[in-house]
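Structural overview for review
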Amino acid sequence: MHSSGSGSRADFWITDRDGPGAIVKEKGKGRGKGAMAETREEKRAPSIITVTELSKTYAGGFRALDSVNLDIRRGEIFALLGPNGAGKTTLISIICGIVNASSGQVRVGGHDIWREFRAARSLIGLVPQELTTDMFETVWATVNFSRGLFGKPADKALVERILRELSLWDKRNERIMALSGGMKRRVMIAKALSHEPAVLFLDEPTAGVDVSLRRDMWAMVRRLRENGVTIILTTHYIEEAEEMADRIGIIRGGRITLVEEKAALMEKLGKKQLTVQLQHPLADIPEALSDLPLTLSADGCALHYHFDSQGAQAGIAVLMRRLGEQGIEFVDLHSHQSSLEDIFVSLVQAREGAE
Amino acid sequence: MNFRAVSAIYRFEMARTFRTLLQSIASPVISTSLYFIVFGSAIGSRMVEIDGVSYGAFIVPGLIMLMLLTESISNASFGIFMPRYSGTIYEVLSAPVTATEVVIGYVGAAASKSVLLGLLVLITARLFVPFQIEHPFWMIAFLVLTAITFSLFGFIIGIWADGFEKLQIIPLMIVTPLAFLGGTFYSLSMLPPLWQTITLFNPVVYLVSGFRWSFYGQADVNIVLSFGMTLLFMLGCVAVIAWIFRTGYRLKS
Ligand SMILES: Nc1ncnc2c1ncn2[C@@H]1O[C@H](COP(=O)(O)OP(=O)(O)O)[C@@H](O)[C@H]1O
Ligand SMILES: [Mg+2]
């Protein structure tokens, strides 16, 4: 029924492939920084996704991604953190084949997403940001459709397990339009999992989601990770990145500004603050304590002692002794460790200050 | 070939048809019956035979074609427009499928449905007027080829349309007039010479003429030309669809 001439070219589904990607690849290899990152990566865990010099300019001329380089390690949970409009969805959409890249290269499981799109896409499950589901189909039908679409043989037991895990089993014969928003979100997750992806993208999975789903979802993410699935999620909720992620990437204005182990990030940038509530207000910080990283609150009732998470113990002991020497009495002590949110805000501010 | 994907899309689309089976079948069957009551019995009884074929029988192939065109276009355009409109197209775009597989799935389902309806209308028509089919093989060939061709055309419309109005406008403003002026209700030889020439620019003329030939062995235009023009139109649609997927037109930003 069809001209086999165009049909046999397996990739005419795909647009602007080869050309720019191939060139960029050479460039990327030559870069000292890129090469170093690669060898380091290989020592730890091989990358499952490699994004090289990826740029995207939308039809209107808006540059949504600007030379993005990113490596995702096999089996990790990677959180992509960034304000609205930073390019998170664009990045995910290009990797998944929904948006055309302007230039650059992406490999998934070693497969170029344009030239070897079948192999690359077979590995990927996507739960997009927007709630987009069929309406008239049943839950059961739509999830099985997804599995077939990805070329997997029917497997009722597996689909049943997924539906049960997402508390959808009782709803399997209901039409999707009869479900609540949270349930629809579960259906989308079930669809993404139906073909047993090695990489799962969750684009703002918990935006506007009720508590029970959020809890179920994180439990599911952890279970998937235990089974070796790599998970890339974007979120506005920094606590979530903090709680879930192994590594965190920060994206702003289409550029990845930072990629770091979560623990290292907290360590490196995580400032601690000890607040000493004073018995009697001070007018100024005593001369004798001026060598310490202290600030006085506006009302003079509290001293703030700033220190890095490293070597905290010694610092606090010294402070206590010095306060005692000065005869400064205090009524309360509490410490505060900066969260990822604080780090994020300070990074954003630092960047805005620099601009 | 990712046969499972093709089959998943095909079955998904067919399920959509069977879910609305009653309205899918009722509307073409009722409208064909009305045509036969009005043109076949009421008016037809006053009409002379055309080339030895009673008027009621004469309009059968044209009516089937009319229905085939409308149904193919609306099925296929709706089939691909809806996922674009609702956003569920993301899944097809991100799946390990080629354009060819997607098209076979969607267009195949739309064409299957129209062929089934075409046969149903044929049977309905038989209840109103007696007729014979001289070349059953060619009749089926024309039926299938037309269903595929216009489902491809509908697929293009479904991708081009960015709203429900546009989805309707081409079938309404172009296809229906062409179909009515395509010789369904009259023989070209009944037209003045100038109009006979102008009519040859109407692609539907070739479909109806060829299809009628498979019934009664008579045609307004040469049967080879009919078949060739239909094939040509089909290849044109295939080329446009290939271009759509190569550029991502209206599918990918
Ligand atoms: N289809 C599109 N056409 C033009 N601009 C777009 C399109 N999609 C997204 N953008 C723009 O690209 C930028 C990045 O969007 P997006 O990737 O959705 O960001 P995020 O997911 O981080 O919120 C935004 O400024 C957005 O307006
Ligand atoms: Mg987004």
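Since the structure is predicted, the reported quantities are computational estimates derived from the model, not experimental observations. (Residues numbered from 1 in each chain as written. Chains lettered and ligands numbered in written order. Predicted model: local features only at pLDDT ≥ 70, side-chain atom pairs only at ≥ 80, totals over all residues. Heavy atoms only, no water.)

With respect to the packing of aromatic side chains
Overall, the coordinates contain 22 aromatic pairs over all chains when judged by the stated rule. Centre to centre, the rings of B:Y55 and B:F58 are 6.4 Å apart; their planes meet at 20 degrees, and the pair counts as stacked. Of this pair, B:Y55 and B:F58 both sit in helix α3 (residues 55–86), 3 residues apart, roughly one helical turn. Plain terms: the ring middles of B:F81 and B:F164 are 5.2 Å apart, the flat faces sit at 70 degrees to each other, and that makes the pair edge-to-face. Here B:F81 is found in helix α3, whereas its partner B:F164 is found in helix α7 (residues 164–180), with 83 residues between them in sequence. Its end group placed over the ring of A:W169, A:R172 keeps NZ or CZ at 3.9 Å from the ring centre. One residue, B:R126, lies across the ring of B:F131, its end atom 5.5 Å from the ring centre. (Phe/Tyr/Trp six-rings, centres within 6.5 Å; stacked < 30°, edge-to-face > 60°. Helix = DSSP H or I, 4+ residues; strand = E, 2+ residues; numbered from the N terminus. Lys NZ or Arg CZ within 6 Å of the ring centre and 35° of its normal.)

Notes on the packing of helix α8 (residues 181–193) of chain A against helix α9 (residues 211–226) of chain A
Residues and elements named next belong to chain A. α9 packs onto α8 with a crossing angle of 15 degrees between their chain directions and a minimal axis gap of 11 Å. The angle between α8 and α9 falls in the class roughly parallel. Taken as a pair, α8 and α9 cross one another with a handedness that is left-handed. Packed against α8, whose contacting residues are G182, R185, R186, I189 and L193, the element α9 presents S212, L213, D216, M217, M220 and L224 at the interface. Per-class residue counts for the contact of α8 with α9 are 6 nonpolar, 2 polar and 3 charged. (Axes fitted to C-alpha atoms, helices over the stretch in contact; angles between N-to-C directions. Parallel < 35°, antiparallel > 145°, perpendicular 65-115°, else oblique. Left-handed = near helix turned anticlockwise from the far one by under 90°. Contact = heavy atoms within 4.5 Å. Nonpolar A, V, L, I, M, F, W, Y, C, P; charged D, E, K, R; others polar.)

Examining the interface of chain A and chain B
Between chain A and chain B, the contact holds 39 residues from the first and 38 residues from the second. For the pair chain A and chain B, the summed buried area comes to about 3,700 Å², and 63% of that belongs to carbon and sulfur atoms. Along the contact surface separating chain A from chain B lie 3 salt bridges. A salt bridge links A:R118 to B:E101; its shortest N-O distance comes to 2.6 Å. Counting across the interface, chain A meets chain B through 12 residue pairs in polar contact (both at pLDDT 80 or more). Mapped by element, the contributors of at least two residues to the side of chain A that touches chain B are α1 (4–7), α5 (117–122), α6 (139–149) and α8 of chain A. Grouping the constituent residues of the side of chain A that touches chain B by class yields 18 nonpolar, 13 polar and 8 charged. (Buried area = accessible area lost by both parts, 1.4 Å probe. Salt bridge = Lys/Arg side-chain N within 4 Å of Asp/Glu carboxyl O. Polar contact = N/O pair within 3.5 Å; in protein donor to acceptor, adjacent residues only side chain to side chain.)

Focus on a nonpolar patch on the surface
Residues and elements named next belong to chain B. A cluster of nonpolar side chains, I30, L34, I37, V38, I43, M47, L127 and F128, forms an exposed patch at the surface whose accessible area comes to about 720 Å². Broken down by secondary-structure element, the contributors of at least two residues to the nonpolar patch are α2 (21–43) and α5 (99–128). Broken down by element, the nonpolar patch gets its largest block of residues, 5 residues, from α2. Assignment of secondary structure puts I43 in helix α2. (Patch = residues over 30% accessible without salt bridge, like charges linked within 9 Å, V, L, I, M, F, W, Y side chains within 5 Å. Areas by Shrake-Rupley, 256 points an atom, 1.4 Å probe, with all protein chains shown as cover.)

Details of the UniProt feature "transmembrane region" (unreviewed entry) in chain B
All names here are of chain B. As annotated in UniProt, the feature "transmembrane region" (unreviewed entry) corresponds to residues 20–43, 55–82, 102–125, 137–161, 167–188, 200–217 and 223–245 in the numbering used here. Across residues 137–161, the secondary structure splits into 96% helix and 0% strand, with the terminal C-alpha atoms separated by 36 Å. As a span, residues 223–245 carries 100% helix and 0% strand, and end to end its C-alpha atoms are 33 Å apart. (UniProt positions renumbered as here; feature names shortened; annotations may be inferred.)

Considerations on the environment of A:L200
Residues and elements named next belong to chain A. Here L200 is to be found in strand β7 (residues 199–203). In this structure the C-alpha to C-alpha distance between L200 and G125, which are 75 residues apart in sequence, comes to 4.7 Å. Residues in contact with L200, not counting those within four places in the same chain, are G125, V127, A192, L193, L224, V229, T230, I231 and I232.

Quick word on the UniProt feature "domain: ABC transmembrane type-2" (unreviewed entry) in chain B
With numbering matched to this structure, UniProt assigns "domain: ABC transmembrane type-2" (unreviewed entry) to residues 19–248 of chain B. The span residues 19–248 of chain B carries 78% helix and 0% strand; its end-to-end C-alpha distance comes to 31 Å.

Points about the sheet that holds strand β1 (residues 47–57) of chain A
Residue and element names in this part refer to chain A. Pairing in this open sheet of 4 strands is antiparallel, and the strands run β2-β1-β4-β5 from one edge to the other. Single-partner strands in this sheet number two, and they are β2 (63–73) and β5 (111–112). Examined bridge by bridge, β1 and strand β4 (residues 103–108) share 5 bridges and lie antiparallel to one another. Bridge pairing in β4 places T50 opposite R107. Sitting on the sheet, helix α4 (residues 88–96) is in contact with β1, β2 and β4, with an inclination near 115 degrees to β1. (Pairing = 2+ DSSP bridges.)

Let's talk about the coordination of the magnesium ion (ligand 2)
Residue and element names in this part refer to chain A. Listed as protein donors to the magnesium ion (ligand 2) are T89 (OG1) and Q129 (OE1); their distances from the metal cover 1.9 to 2.2 Å. With T89 in helix α4 and Q129 in the loop between β6 (124–127) and α6, this residue pair connects regions lying 40 residues apart in the sequence. Accessibility expressed as a relative area gives 31% for T89, which makes it partly exposed. (Donors = N, O, S within 2.8 Å, 3.2 Å for Na, K, Ca; no water. Buried < 20%, exposed > 50% of the residue type's maximum accessible area, 1.4 Å probe, protein only.)

So, the pattern of salt bridges
Close approach of charged atoms allows side chains with opposite charge to pair. Residue and element names in this part refer to chain A. Counting across every chain of the model gives 21 salt bridges over all chains. Residue R63 pairs with D66 through a salt bridge whose shortest N-O separation is 3.2 Å. Residue R115 pairs with D112 through a salt bridge whose shortest N-O separation is 3.2 Å. Owing to a relative accessible area of 41%, R115 belongs among the partly exposed residues under this scheme. Sharing partners across several salt bridges, the network here consists of R63, D66 and R255.

Focus on the layout of surface pockets
Residues and elements named next belong to chain B. If you add up the space inside the second largest pocket, you get close to 930 Å³. For the second largest pocket, the lining is made up of 43 residues, of which R16, N75, F78, G79 and M82 are closest to its centre. When contributions to the lining of the second largest pocket are tallied by element, the ones reaching two or more residues are α1 (3–19), α2, α3, α4 (89–94), α5 and α7. Among the elements that take part in the lining of the second largest pocket, α3 stands out by supplying 11 residues, more than any other. (1 Å grid on protein atoms, 1.4 Å probe; cavity = no way out; pocket = protein on both sides within 12 Å on 5 of 7 lines; lining within 4 Å. Points joined across faces, edges and corners; volume = space filled by probe spheres on them.)

Regarding the sheet that holds β7(A)
Residues and elements named next belong to chain A. Strand order in the open sheet made by the 6 strands is β6-β7-β8-β3-β9-β10, with mixed pairing throughout. In this open sheet, the two strands that pair with only one neighbour each are β6 and β10 (255–261). Each strand of the sheet is rotated relative to its neighbour by a mean of 15 degrees, with strand direction disregarded. Judged from the 4 bridges that link them, β6 and β7 form a sheet pairing that is parallel. In the sheet register, I124 faces β7, and the bridge partner there is V199. On the sheet, α4 packs against β3 (77–81), β6, β7, β8 (230–235) and β9 (247–252) and is oriented at approximately 150 degrees with respect to β7.

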